[in-house]
Structures are given as C-alpha cells and as structure tokens.
Amino acid sequence: MTSVVNPAEDPRGAGPGSDLHLELSGGPGGRRGALTRALRDAVRTGRLAPGTRLPPYRSLAADLGLARNTVAEAYAELVAEGWLTARQGSGTRVAHRAEPPEGRRRGPAPAPRPGRPAYDLVQGAPDAAAFPRTAWLASARRALTAAPNEAFGPGDPRGRVELRRALCDYLARARGVRADPGRVVICPGFAGALRLLGRVLDGTIAVESYGLGFHRSLLTGAGLATATLTVDEHGARVEELAASDASAVLLTAAHQFPTGGPLHPERRAAVVDWARATGGIVLEDDYDGEFRYDRKPVGALQGLDPERVVYIGSVSKSLSPALRLGWMVLPGHLVDAVLEAKGERESWSSTLDQLTLADFIASGSYDRHVRRMRRHYRRRRDALVEALALRAPHVRVTGVAAGLHAVLELPPGTERTVVRAAAWQGVAVEGLSLYRHGEAAGVPGDGLVVGYGTPPEHAFAGALEALCEALPSAPGE
C-alpha cells in the first residue's frame, strides 16, 4: 500500500492521506506497464477521485520497490494520455475529466495540449532579460539622428556600410578576422547566411557528425548532398575530407556544437591546406566565439586564409535572436554570386537595426555587454557544475569551457528515459542524439544538452534542482 492525499480532506495536498491499494499484475510492458495499468484502472473506476494528489515518484518507487525511473515513466505516460496532470509545485494529480453521458461508450481520452514547461534548459537562446535595453535605445536614437537621408531609400544588398565598417574593426580586434567592408554581407542571422550559400555552392558539403539538423536541412533543401566528419575530443576529424567528394565543409571551429571544445590547431591547419589544395571552401560558424571561461581566446579560422574561408557570425547569442542580424565575411570570388543570390530587398535586414548595431559596436557598448554577459554566464555555468557535483557526482559534464550549454554524459541506453523524467519534472531539455547526423558512423553516446542561458535569474536555481531530480542514480544505488 501507499498513501495519497484526498483533496476533500486537504485541498492543499498537506496532512494525512488515505491508503491506496495497487495490484501490480503481470502483462505486457514489465513492471512499468503493470503500474501504468493499475493507476489507470484506479482512476477509471473512481477509486482515485479527480484532483487527488499522488505521492512523489520517489516515494511511490520506495513503497512499491520499483526503480524511480519506472514510476516517473508511468506518471509521464498517464499525463500524456490525460489521466493525470503534473505541475511544478503542485505535484501529480488525477485529472478532472468530464463524464460521458450514460450509455455512451467511453473512447480513449484525447491527449492534452502540451503546456509550457516550468523550466527551459533547451540550448540555443541567451538570457532574454539581459538584453541591454537602455544602451540599445541610446544607440538607436543616435543612429536615427545621424542617419543620412539615403538610408531610408533603397539600400545596398551588402548592408549598411556603417555596420560593415564597425564589424570589420570589431572582428579584427576580437576574433582575428581579416576583412574589409566590401567583402562583408549583412544577412538575417546564420540561417539566412546558410540559405544564401546553399544557392551558391554545389555538389557535396561535409558537416560534423553532431550539429543542428535544421542547418543540415537548409543545405539539403538547396540541393546539396552532405557527408559526415567524425567528431572527437579535438573537434571534427578533418582528415576524413580526403576520402570524401566534398567541395565545402561546415565547421564550428571555436567551440564544436554541441559536444564542446575547439578544433585542434593541427586540424585547423589541415583543413585550410585541404581547401587550398582542392579549391574547397570552409564555412566557419562562429556561433558563440565571444563566450569563453576557462581557456585562452581561440581566434577565427578565417584568419588563416580569407580566400578559402567564409566567416559567419550573428548577434543571436550575444544580444538576441529577435534582432535577426548576422554577417558573412566572404572570399572575394564569392561576393558577386552571394549578392546575386540575395536578390530582392524583402529578404534584407532592417536598415534601422543595422544602423543601431553599428553605433552599439562603435560606441563600445557591445564590448561592455559581452564582458558583462561573459561573467553572467560563467556564474551560471559554475552553478550548474557545482549542483551536479553535489547531487549527481557520477554524471560527467563536458563542453563547459565556453558557450551557453553543457553536455551531460549518461549511461548507455538511458537518454530517452532521462528526457522523459525531466519533462515530468517540468524541465524542457534535449538529448544528445537529437543532434547526431543520421548517417554518422560509430556507436552514439547517450547524453543531455543542457542550455543555461534561457531561464530567468529567479528560476535558475529551481531549474537546476528539477534537472538533478531527473538524472539517473549512481550505479549500485
């Protein structure tokens, strides 16, 4: 037997509860299936009234002699089917279900619409509350006041020259990029750049075996084939390019996404040598090059050969994805083709946002913001590592020297279970397998990709607590 709380006795879910008898009979699905059926039957027959709060899955697991993940998965399945509801701070309760009219057969309950998770640990977004509104507004006012009249007419497809000049100065100083304004093209974020390049390149493009599937789909949607490069602790194994028929390669050289770590210096030199020898093109995704914590800055790969490397960056991590501002620093022989592919003005970035960003960079506000956010994200990274060391020391954390996410290594075969357990805890988080190329060689590892940039400051500690609750126990526990 185990205890549950009856809302008629205590609507807040505190105080004495009534005993509940669960018969875990045999059948398909093992012990989890037996528990799911027993709970479903208890709700269907009315033994568990609507609103009744069930015990925490840890308590129920202890009472029934089951693994915690077994109970968590049973709860999650019944929530998805509509028998139960789960809210952070309110626990798991029997859903309030409308009774069908007499004589009508009961059909399966429709699945509830998914609600927003209590905590968002999905990688890819910065802390939205940290956007520098005051400094951005000041730059917008200065830019609007100083803008020439021609800025409000048809523009240059390369983008505003004020922004291209500001970017050249900043990228040379902060990232070691070699550029002049004539080779910079402004675009609506990294995806916008990749769409343009997909229209210019042809044949096969090599990609890292771990990366964003969305980016790969943009390339294949443009008619390009993809070949995969194995990723290890030193980044992409670029020596595999020799055996491929790729004419271009997409790399996250400063911080491999999502596994972490910079491309090894020998491999940086090797991929440039490959491009020179074959006439190939390297696309460098510098998606979070500004945010490093425990290592020296790693300069852009583009600095090794500006005629063979396309450097791509954006403000989606450093400022906000809502701005839709990115840039390419192109080899000279690609500029005209990219501008022709860019085409009509409807696909260009906002002129006013470009002018504002130019002032924001030139005034030093961008540097100050990046330094402030580097300290902010480092504190969050440290809090994540400390929480795991305390609550789950058996879970190895990697990729934390830079960026806005970490990778948590999991025991083989547990990734899917842990993602479901996290969802039950109200945590949105993604498994490492989501980022693996479908044709990648080798045995995939299990893991979580945990983004620590998104949660608001007041919710971050709760997000870490909920995440740790979802992680598997140490072997032998």
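Numbering of residues starts from 1 in each chain and follows the order in which that chain's sequence is written. Under the rules for a predicted model, residues below a pLDDT of 70 receive no local features and side-chain atom pairs below 80 are neither given nor counted, while totals for whole chains, interfaces and linings still include all residues. To get the side-chain values, all heavy atoms of the structure are used, and hydrogens and water are removed first.

Undergrad: Could you give me a rundown of the overall build of the protein chain, with the residues and numbers involved?
TA: Tallying secondary structure elements over the protein chain gives 13 helices and 19 strands in all. Here the protein chain holds 477 residues, and 51% of them are scored as buried. Helix and strand definitions follow DSSP, with helices as H or I runs of at least four residues and strands as E runs of at least two, each counted in order from the N terminus. Residue exposure (1.4 Å probe, protein chains only): buried if accessible area is under 20% of the type maximum, exposed if over 50%, otherwise partly exposed.

Undergrad: Would you mind going over a nonpolar patch on the surface in detail, with residue names and values included?
TA: Excluding any residue in a salt bridge, patches collect residues exceeding 30% relative accessible area, merging like charges within 9 Å and nonpolar Val, Leu, Ile, Met, Phe, Trp and Tyr side chains within 5 Å. Per-residue accessibility takes into account occlusion by the displayed protein chains alone, with areas from the Shrake-Rupley method and a 1.4 Å probe. Salt bridges are defined by distance alone: a side-chain nitrogen of Lys or Arg within 4 Å of a carboxyl oxygen of Asp or Glu. A contiguous nonpolar patch, built from Leu144, Phe152 and Leu352 and spanning about 300 Å² of accessible area, is present on the exposed surface. Locating phenylalanine 152 in the fold gives a position in the loop between α4 (133–146) and α5 (161–175).

Undergrad: Quick one: what's the story with the sheet that holds strand β19 (residues 447–451), residue by residue and with numbers?
TA: Two orientations exist for strands paired in a sheet by backbone hydrogen bonds: parallel and antiparallel. Two strands pair under a simple rule: DSSP has to find at least two bridges between them. What the four strands build is an open sheet, ordered β15-β16-β19-β18; its pairing is antiparallel. What marks the edges here is a single partner per strand, and that holds for β15 (397–398) and β18 (430–431). Where β15 lies against strand β16 (residues 405–409), two bridges are found, and the strand directions are antiparallel. Its bridge partner lying in β16, threonine 398 is registered against valine 407.

Undergrad: Would you mind going over a positive patch on the surface in detail, with residue names and values included?
TA: A cluster of basic side chains, namely Arg368, Arg371, Arg372, Arg375 and Arg379, defines a positive patch on the protein surface. Relative to the helices and strands, arginine 375 resides in helix α11 (residues 365–391). Counting rule for charge: Lys and Arg are taken as positive, Asp and Glu as negative, and neither His nor the chain ends is counted. For charged residues, the charge sits on one atom: NZ in Lys, CZ in Arg, CG in Asp, CD in Glu.

Undergrad: So what's going on with the pairing of strand β14 (residues 326–329)? Which residues, and what values?
TA: In β14, alternate side chains face the same way, and those of Gly326 and Met328 on one face and Trp327 and Val329 on the other are all buried. Summarising the sheet, strand β6 (residues 184–187) and β14 pair through four bridges and their orientation is antiparallel. By the bridge assignment, valine 184 is partnered in β14 with valine 329. Here strand β13 (residues 309–314) runs beside β14; their pairing, made up of four bridges, is antiparallel. Across the sheet, glycine 313 pairs through a bridge with tryptophan 327, a residue of β14.

Undergrad: For the packing of helix α2 (residues 57–64) against helix α3 (residues 68–81), give the residues involved together with the corresponding values.
TA: Throughout, an axis means a line fitted to C-alpha atoms (over the contacting stretch in the case of helices), and angles, computed between N-to-C directions, take values from 0 to 180 degrees. Running from N to C, α2 and α3 point in directions that differ by 120°, and their axes come no closer than 8 Å. In terms of their interaxial angle, α2 and α3 are classed as oblique. Crossing of α2 against α3: the hand is right-handed. Across the interface between the two elements, Tyr57, Arg58, Leu60 and Ala61 of α2 pack against Arg68, Val71, Ala72 and Tyr75 of α3. Here the residues of the contact of α2 with α3 sort into six nonpolar, no polar and two charged. Comment on the angle field: the value is read as roughly parallel under 35 degrees, roughly antiparallel over 145, roughly perpendicular from 65 to 115, and oblique elsewhere. Crossings are classed by handedness, with left-handed meaning an anticlockwise turn of the near helix from the far one by less than a right angle and right-handed meaning a clockwise turn. Contacts were defined at the residue level, with two residues in contact if any of their heavy atoms lie within 4.5 Å. Under the convention adopted here, Pro, Cys and the residues Ala, Val, Leu, Ile, Met, Phe, Trp and Tyr are nonpolar, Asp, Glu, Lys and Arg are charged, and Gly plus all remaining residues are polar.

Undergrad: I'd like to hear about the nonpolar core, residue by residue, with values.
TA: In these notes, a set of buried Ala, Val, Leu, Ile, Met, Phe, Trp, Tyr and Cys residues joined through side-chain atoms within 4.5 Å is what counts as a nonpolar core. Among the nonpolar cores identified, the biggest contains 81 residues, and Tyr75, Leu319, Trp327, Leu357, Leu408, Leu448 and Leu471 are the most heavily contacted of them. No other element matches helix α13 (residues 457–470), which puts eight residues into this core. Every residue in contact with leucine 357, bar those within four places of it in the chain, is listed here: Trp136, Leu163, Val315, Leu319, Leu325 and Trp327. If you look at the next biggest cluster of nonpolar residues, it comprises 27 residues, including Val185, Leu197, Leu283 and Ala341.

Undergrad: An account of the sheet that holds strand β12 (residues 281–285) is needed here, citing residue identities and associated values.
TA: Pairing within the open sheet is mixed, and its seven strands lie in the order β6-β14-β13-β12-β11-β7-β8. Since the sheet does not close on itself, it has two edges, and those belong to β6 and β8 (225–229), each with one partner. Direction aside, neighbouring strands of the sheet carry axes that sit 20° apart on average. Here helix α7 (residues 213–221) sits on the sheet and contacts β7 (204–208), β8, β11 (248–251) and β12; the angle it forms with β7, its principal contact strand, is near 175°.

Undergrad: So what about the packing of aromatic side chains? Which residues, and what values?
TA: Each pair of aromatic rings taken from Phe, Tyr and Trp, with Trp reduced to its six-membered ring, is defined by centres within 6.5 Å and is described as stacked if the planes are under 30 degrees apart, edge-to-face if over 60, and tilted in the remaining cases. The final tally for this structure, using the stated rule, is eight aromatic pairs. Summarising the aromatic geometry, the rings of tyrosine 75 and tryptophan 424 are spaced 5.6 Å apart at their centres and angled 45° between planes, so their arrangement reads as tilted. Placement of tyrosine 75 in helix α3 and of tryptophan 424 in helix α12 (residues 415–424) is noted, with a sequence separation of 349 residues between them. Using a relative accessible area of 16% as the deciding quantity, one classes tryptophan 424 as buried.

Undergrad: Give a detailed account of the pattern of salt bridges, specifying residues and quantitative values.
TA: What the rule picks out here adds up to 25 salt bridges. Salt-bridge contacts for glutamate 162 lead to arginine 160; the nearest nitrogen and oxygen are separated by 2.9 Å. Taking relative accessible area as the criterion, glutamate 162 reaches 26% and is therefore assigned partly exposed. Residue aspartate 305 is joined to arginine 276 by a salt bridge in which the shortest nitrogen-to-oxygen separation is 2.7 Å. Residue aspartate 305 is located in the loop between β12 and β13, and its partner arginine 276 is located in helix α8 (residues 265–278); the two are separated by 29 residues in the primary sequence.

Undergrad: Can you lay out the environment of leucine 194 for me, pointing to particular residues and giving the numbers?
TA: Tracing the sequence through the fold places leucine 194 in helix α6 (residues 189–200). Judged by its relative accessible area of 0%, leucine 194 falls in the buried class. Along the primary structure leucine 194 and aspartate 285 are separated by 91 residues, whereas in three dimensions their C-alpha atoms are 9.8 Å apart. Leaving out residues up to four positions away in the same chain, leucine 194 has contacts with His215, Leu218, Leu219 and Leu283.

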